[in-house]
Amino acid sequence: MTDIAASRKPVAAEHTHGISFNDALLVWIRVACLSFGGPAGQIAVMHRILVEEKNWISESRFLHALNYCMLLPGPEAQQLATYIGWLLHRTTGGIVAGTLFILPGIFAIMGLSYIYAAYGHVGVVDALFFGLKAAVLAIVIQAVVRVGKRALRNRIMIGLAAAAFVAIFFFGAPFPTIIIAAGVIGFVAARLGRPEFAALEHGGKNAGAIDSMLGEAVPDHVRPNASRALRVAAVWLAIWLVPVFALLTLLGPNDVFGQIAIFFSKMAMVTFGGAYAVLAYVAQQAAEYYHWVAPREMLDGLGMAETTPGPLIMVVQFVGFMAAFRGASGLSPMLAGTLGGLLATWVTFAPCFLWIFVGAPYIEALRGNKALAGALSAITAAVVGVILNLSIWFALHTLFRETFPIHGFGLSFDAPRPMSIDLPAVVLSIAAATAIFRFNMGMLVVLAASCIAGMLMRVAGAI
């Protein structure tokens, strides 16, 4: 395989691009404060600021970086910020960009978790989150439509999405198994030359490339280097896993903190396909296996993540908070919740830096590999089915007050009790969906309006 990255002229000096670290710091703060709207909105913000406004990185290099991050587990928008920060100012730049991207969300979700834990079942707060759930359901459905239009461009991709949905919804197939199977199918099909598995194009093809201050040269720190990769891997594996092993040694695997560390560490290794896809896995495990949160509480947590800056996967902090708040012994509930939320955040995002700092140079060397592009295309199609599963799972627990399990003949899924339908939730969900799909209203507007509507319903005695 040709090492494309190695064929380009290296850049020895770190600051040949002329962008000072202080200038970059201000821009990353701005990006962090504007990172609403899920991965699509966050990537759009970075593109507008870094490519169009600042002209710091070319269109082609930005899209290549996005492709790399989509191949990695974890939130692609946060990893894209880490990648570009690292490209500009080495490891320090990557750490600053990636950390700032999630910092506003950490503070916001923690504050909302305090309020939820203390007052979550008080009338006004209940009404607020009732409205949030309806809007979140509409937003998740929009995600299915948006990703589906892009990924399901032929019958084979539609078939992969349908198979993924049936496998995860009706048969309870593990999310990682679905992603691995789809990747293998895409990899083999692309190697066989099947055109249906060609790489997805990203937007901007009509705008023309913007010259980057980085030029087309590859800085030294971006070029693959085995000895450096081993050193970096050792450091970031220690940062990620030493706290995990310490907790398991001191408290044991059955303690809630040990369970949080193990579960979210495993999740960090299989979170391919973006936040909406992995949230189906997290929601089902947290609510149905560990019983850390109820399904409706998971919707509340997602509503928090939707309304605050940062990756949607920040909902893991809420889950970790509630798990420790309810399950830790020997600590005050709020202190335990704080530690549980921070632990979940730590083991979720520490691996993101590992994947970028170790893997990005080698992924760049594989640029243009058709087999990898085929694997990514197949995974993206399967993710549509997984997101559809998430939307239906959310709908069941938003629109109905009760569900019952169905098991037998390999089937394993929840069905709604028709008489438990929640009519106010149905009305509010339809209104939110109409605002999004018919009138193209922004996410924050719909979320705010739904919250107000929920509180008005509470005042009127409808909920």
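Calculation criteria
Residues numbered from 1 in each chain as written. Predicted model: local features only at pLDDT ≥ 70, side-chain atom pairs only at ≥ 80, totals over all residues. Heavy atoms only, no water. Core = buried A, V, L, I, M, F, W, Y, C linked by side-chain atoms within 4.5 Å. Buried < 20%, exposed > 50% of the residue type's maximum accessible area, 1.4 Å probe, protein only. Helix = DSSP H or I, 4+ residues; strand = E, 2+ residues; numbered from the N terminus. Contact = heavy atoms within 4.5 Å. Expected span 1.5 Å × (residues − 1). Phe/Tyr/Trp six-rings, centres within 6.5 Å; stacked < 30°, edge-to-face > 60°. Lys NZ or Arg CZ within 6 Å of the ring centre and 35° of its normal. Pairing = 2+ DSSP bridges. Salt bridge = Lys/Arg side-chain N within 4 Å of Asp/Glu carboxyl O.

### Notes on the nonpolar core
Membership of the largest hydrophobic core comes to 137 residues, with the highest contact counts inside it found for Trp 28, Met 46, Tyr 83, Phe 264 and Trp 292. At 17 residues, helix H4 (residues 76–119) tops the list of elements feeding residues into this core. When sequence neighbours within four positions are dropped, the list of residues in contact with Trp 28 reads Met 46, Leu 50, Ala 81, Ile 84, Gly 85, Ala 97 and Leu 100. One finds Phe 165, Phe 169, Leu 396 and Ala 415 within the second-largest nonpolar core, a separate group that totals five residues.

### Some thoughts on helix H9 (residues 256–270)
For H9, spanning 15 residues, the distance from its first C-alpha to its last is 21 Å, which sits close to the expected 21 Å at 1.5 Å a residue. Burial analysis of H9 places eleven of its 15 residues in the buried class, the great majority of the element. Inspection of H9 places Val 256, Phe 257, Gly 258, Ile 260, Ala 261, Phe 263, Phe 264, Ser 265, Met 267, Ala 268 and Val 270 among the buried residues, and these make up the whole buried set.

### Some details on the side chain of Ser 429
Within the secondary structure, Ser 429 sits in helix H15 (residues 423–437). On the accessibility criterion, Ser 429 (9% relative accessible area) is buried. In this structure, Ser 429 is in contact with Ala 134, Leu 137, Ala 138, Thr 398 and Leu 399, ignoring residues within four places of it in sequence.

### So, the packing of aromatic side chains
Per the counting criterion, the structure on display carries 19 aromatic pairs. Relative to Phe 353, the ring of Trp 236 has its centre 5.3 Å away and its plane inclined at 20°; by these criteria the two rings are stacked. With Trp 236 in helix H8 (residues 226–251) and Phe 353 in helix H13 (residues 333–365), this residue pair connects regions lying 117 residues apart in the sequence. Each member of the pair Trp 236 and Phe 353 is classed as buried. Between Tyr 289 and Tyr 290, the aromatic rings sit 4.8 Å apart at their centres with planes inclined by 90°, giving edge-to-face as the arrangement. Among the aromatic side chains, those forming a connected cluster through ring pairs are Phe 263, Phe 264, Tyr 289, Tyr 290 and Trp 292. Between the NZ or CZ atom of Arg 438 and the centre of the ring of Phe 439, over which it lies, the distance is 5.4 Å.

### Comments concerning the pairing of strand E3 (residues 403–408)
Relative to strand E4 (residues 411–416), E3 runs antiparallel, the two being bridged by six bridges. Residue Phe 404 lies in a different strand from E4, and its bridge partner there is Ala 415. Where E3 hands over to E4, the hairpin turn is made up of two residues, of which Phe 409 adopts a positive phi near 55°.

### Quick notes on the pattern of salt bridges
For the coordinates displayed, the defined rule picks out five salt bridges. The partner of Arg 30 in a salt bridge is Glu 53, with the nearest N and O atoms 2.7 Å apart. Of this pair, Arg 30 sits in helix H1 (residues 21–33) while Glu 53 sits in helix H2 (residues 38–53); the two residues are 23 residues apart in sequence, bridging distant segments of the chain. In this structure, Arg 401 and Asp 422 form a salt bridge, with 3.5 Å as the shortest nitrogen-oxygen distance. Of this pair, Arg 401 sits in the loop between helix H14 (370–399) and E3 while Asp 422 sits in the loop between E4 and H15, and the two are 21 residues apart along the sequence. By relative accessible area, Asp 422 is classed as buried at 5%.

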